[in-house]
Amino acid sequence: MIKIINANRMLVSGNTGTPQAASPVGIFLSGTGLLSNVSNNIISMSGAVPAIQASSCSGLLISGNSLSSSVPAGKGIVALDCPEVRTSTNNIRTVTNAIEAQGASVLTCHEPFVPAVNIAKTGSGSITYNTFTTATK
């Protein structure tokens, strides 16, 4: 759907789409960062692939997106070897791993609608997860 390589200070916002099952990802970012923002996108995946995937990104904010999949094995947000990614107030439905940190990724998540059990880490990275106890869905 959308592929961005080595961009700084970019904004990906307001997109709506349903990529086909053969599509590798909804929004793919590689090497982006420095005030980059992915926000307010609506993506409904039809395969077991991430809606948003970031690879080697630093200083990236992913917020306010509505993500879902027709396949429970699908993923909402995947970060691979990203030194700094922040997520906030994303509405991620119908997937087991809503947010996943792979490799050496460092994620900070502020997610009122995503249970901690749906945030996974594989590799040597870390996840800081903050909940909002007053949030309602």
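Thresholds, definitions, all that
- Residues numbered from 1 in each chain as written.
- Predicted model: local features only at pLDDT ≥ 70, side-chain atom pairs only at ≥ 80, totals over all residues.
- Heavy atoms only, no water.
- Helix = DSSP H or I, 4+ residues; strand = E, 2+ residues; numbered from the N terminus.
- Polar contact = N/O pair within 3.5 Å; in protein donor to acceptor, adjacent residues only side chain to side chain.
- Contact = heavy atoms within 4.5 Å.
- Salt bridge = Lys/Arg side-chain N within 4 Å of Asp/Glu carboxyl O.
- Buried < 20%, exposed > 50% of the residue type's maximum accessible area, 1.4 Å probe, protein only.

Caption draft 1: Quick look at the side chain of Asn90. In this structure, Asn90 sits in the loop between strand E11 (84-88) and strand E12 (91-93). Of the polar contacts made by the side chain of Asn90, one reaches the backbone oxygen of Ile62; its length is 3.0 Å. Of the polar contacts made by the side chain of Asn90, one reaches the backbone nitrogen of Asn65; its length is 3.0 Å. Asn90 has contacts with Ile62, Ser63, Gly64, Asn65, Ile77, Glu111, Phe113 and Val114, leaving out every residue within four places of it along the chain.

Caption draft 2: Expanded view of the pattern of salt bridges. Scanning the entire structure with this criterion turns up 2 salt bridges. With a closest N to O distance of 2.8 Å, Glu100 and Lys75 form a salt bridge. Of this pair, Glu100 sits in strand E13 (residues 97-102) while Lys75 is found in strand E10 (residues 75-80), placing the two residues 25 residues apart along the sequence. According to the relative accessible area criterion, Glu100 is buried, its value standing at 4%. With a relative accessible area of 24%, Lys75 lands in the partly exposed category. Glu84 is the salt-bridge partner of Arg86, the closest N and O atoms lying 4.0 Å from each other.

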